[in-house]
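Topology and contacts: notes
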Amino acid sequence: MHLTLLSMQFAHIFKIGKRCLMPMSWIPIRRHIFKTSSPLMMYWKHQLHHCTQMECSSKLPCLSPAELRLLIRQSDSRISTTTGLAKGYQQANVVILPKHLAEDFEAFCHSNPAPLPLLYRSQSGETSCLPLARNADIRTDISQYCVYEKGHLVETVSSLQNYTREPRIASGQQAVNQSHQWSDMVCFYLGCSFGFEGKLKTAGVPVRNVEQGRNVSMYRTAVTCRPAGAFSCPLVVTMRPVPAALLNAAVEVTHLSPRAHGAPVHIGEPALIGIKDLSRPDYGEPVELQPGDVPVFWACGVTAIEAVLSSKPSLAFSHSPGCMFLTDVPDSSTSLITPPPDVLNGPNTELSPELTPLCFLVSHKPLLYSLVSQRAAARIRHLEIIIGEDLGERGIKQLFTEDELLHSCLALSHSTSVAITTGFPTYMHSPHDENDGPPGAIAMATMLLSLGKQVTMVTDRRSLERNQALIDEAVKTGVLKTTIPLVTFEDTGPDAALHFLCHHGDPSKPRYDHLVAIERSGRAADGNYYNMKGVEIKHLVDPIDNLFIAAKDLPGITTTGIGDGGNELGMGKVKEKVKSLILNGSLIACDVPADYAIIVGVSNWGGYAVACGLYLLYTCPSHQRYLRRGLGEELTTSQEQLQDWTAQLPSVDKEESFLSTLMQFGIRCGITDHLGMKVDGLTFHPTHSDIITRLREVTL
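Described below are features of the structure shown in this document. Note that the coordinates shown come from a computational prediction; the quantities given were computed from them, not determined experimentally. (Residues numbered from 1 in each chain as written. Predicted model: local features only at pLDDT ≥ 70, side-chain atom pairs only at ≥ 80, totals over all residues. Heavy atoms only, no water.)

Attention shifts here to the overall build of the protein chain. Each helix and strand in the protein chain was counted, giving 23 helices and 21 strands. Taken across its 700 residues, the protein chain has 56% of its residues classed as buried. Contacts spanning at least 24 positions in sequence make up 74% of the contacts within the protein chain whose residues lie at least 6 apart. In the form shown here, the protein chain has an accessible surface area of approximately 28500 Å², with 53% of it arising from carbon and sulfur atoms. (Helix = DSSP H or I, 4+ residues; strand = E, 2+ residues; numbered from the N terminus. Buried < 20%, exposed > 50% of the residue type's maximum accessible area, 1.4 Å probe, protein only. Contact = heavy atoms within 4.5 Å. Areas by Shrake-Rupley, 256 points an atom, 1.4 Å probe, with all protein chains shown as cover.)

Encoded structure:
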């Protein structure tokens, strides 16, 4: 009877305690229960133990780093990974190396700042790290360590104290004085992305690995880190699923945490960085994407472990992935570690708001987002406003769609091989083509060449000889950086476009990853081609449209169309507006879309703006960091490179020179039939020269 009443009383208290998490309520009866052994009491004893463990575990995220380090030092079994712990404080990856490798590893960190943000380098044999944490001991304050010998993981341990006490004998080897070895070891503390997970949650961004109670997923990529001395290895990244609508928030939050790897280095298709299967991480655990999530990848400090494996030191240690060292340093982007004079400075945390990256979708197939700073994005948007001025009063502003220039420039920035086509036959007499289009095409080509892209020009067979002469003259006069291939496309069968765009007709091996059409006649819905007056010109146009049509179904090929009337190739993206708003629109509207349709007052201006936009992207630190995956000691542009890029920008002198060249070849204004310094009825001075000057002012 006594036990039954006691059991009922305990059940009541247990119910309250489980709901209210007040274990102190259980103390009066706990002593008695633990002295009994009846089945009923054993049941309540088990329930009490389980609930107490749950309640204690739930308190872990609320504990300070110092309290957590103490629990780790006591081998507390509840701490298996530090994700979700020590919120508001930085966590650190740790690598411990022989001192003869220390200088090389430090250089390796500086050469690869995103994966290896160096927080502190210890003195030889130093077990504390006062700039990061007080009363810490690196030999005991990580829940699990990895031990490496000659590039092989030999064991995982919960403490490194054995490596400072007595000799250890490896199989088939003589005893090694580990105490002496520890005195020769140097500890490196590197920033960790766990430090920004609390900020993500505060910003409303779900942290899926914490939600799912899993270690974060970590992957070895096909991206190679910049080598330094004995160290070279692939970049390792973490992946966190982020809802598409919250990408900007995730990017901004993590950009402000440069000591915790900073902004993402890739957003989108994993295969683009060599990850074949998200469900099989190389380290950590798989984290499931929810509907609407996008895989977002941050550089990861486990890159240091890969570096240890590749350098094969006789003995080395690291944290076990996911089991970080907890520092006392707040993760606030404004809080700097104040190190003594002999402590290394980490990544710069003085970040201008103008450099905060914005995230933009570049392509769906494959899924790819890109980053660009607020400042660079604002300037490219200013360029778009300038080129959208309708000085010819053709009603073109009604077709305008914001950010098409920005998206196109971002896609071109990620490209490696670009094909450009132009040519709009306006007249029945020879030469048939107008002088709007070629100057803009050459302006884009020379900037792309300067940025290291491969560039090919695609033209009609009837214009091949003349356009080759124009390219040669552009190189001779310095308008074009160097000569480029000039090719034609013939529709020889159903697979002609596929074989033109891809090596051996293999969709997985595209020859070009971006197609640009500028002032290129576009196919209408009835299969014909028309000028603005509605005159049919199909007999003068090769079916280059087929390349854009085929590209829609080929992953990895993006397209841009630049036009000023709605009948140009690529303007199919806005064809409904063209049909309802442009004179003769229902007849002349191009039916073939491009991924990006840049609507401009004069098509040449679009080419000039693309060149300027690319310059802005390549001088944008946020975008350059993203392109380089956060690798490379120099994330700023060299003076020599900058001078070359500046020289390739469109200028009044260069464009006036090339327009004069077009005159020499008999190519004239498309509206007035005037052989002179007019394009689309507007004189070069002051109209076109003023547009070029304004574009340069925004860019420079």
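Turning next to the sheet that holds strand β16 (residues 486-488). An order of β16-β15-β14-β17-β18-β19 is seen for the six strands of this open sheet, with the pairing classed as parallel. Each having just a single partner strand, β16 and β19 (596-599) make up the two edges of the open sheet. Strand-to-strand, the axes of this sheet are offset by a mean angle of 25°, without reference to chain direction. Strand direction decides the pairing type here: strand β17 (residues 514-520) and strand β18 (residues 558-563), joined by five bridges, are parallel. What sits directly across from A517, in β18, is G561. (Pairing = 2+ DSSP bridges. Axes fitted to C-alpha atoms, helices over the stretch in contact; angles between N-to-C directions.)

On to helix α14 (residues 464-476), then. Here α14 spans 18 Å end to end across 13 residues, near enough to the 18 Å set by a 1.5 Å rise per residue. Turning to α14, its buried residues are R466, N467, L470, I471 and A474. Considered in projection along α14, the buried side chains sweep an arc of 140° and stay on one side of the axis. In α14, the exposed positions that point more than 90 degrees away from the buried face belong to E465 and K476. Contact partners of the buried residues in α14: β15 (454-459), β16 and α22 (652-664). Directly beyond the C-terminal end of α14, a positive phi value near 85° is found at G478. (Expected span 1.5 Å × (residues − 1). Arc of directions from axis to C-beta.)

A separate point is the environment of P438. You can see P438 is positioned in helix α13 (residues 438-450). Spatially, the C-alpha atoms of P438 and T422 are 6.4 Å apart, while their sequence positions differ by 16 residues. If we ignore the near neighbours within four places in the chain, the residues touching P438 are T422, N604, F658 and L662.

Glancing now at the nonpolar core. I267, L405, I420 and V610 are the most contacted members of the largest nonpolar core, which has 89 residues in total. If one sorts the elements of this core by residue count, helix α19 (residues 603-618) sits on top with 11 residues. For I420, the contacting residues outside a window of four places in its chain are A441, M444, A445, L448, V455, T456, M457, V458, V516 and I518. Counting residues in each nonpolar core, the second largest holds 45 residues, with F108, Y283, A299 and V308 among its members. (Core = buried A, V, L, I, M, F, W, Y, C linked by side-chain atoms within 4.5 Å.)

This paragraph deals with the packing of α13 against helix α21 (residues 639-648). Across the interface, α13 lies against α21 with an axial gap of 9 Å and an inter-helix angle of 170°. With respect to each other, α13 and α21 are oriented roughly antiparallel. Contacts between α13 and α21 involve T446, M447 and S450 on the former and, on the latter, D644, W645 and Q648. In terms of residue class, the contact of α13 with α21 is built from two nonpolar, three polar and one charged. (Parallel < 35°, antiparallel > 145°, perpendicular 65-115°, else oblique. Nonpolar A, V, L, I, M, F, W, Y, C, P; charged D, E, K, R; others polar.)

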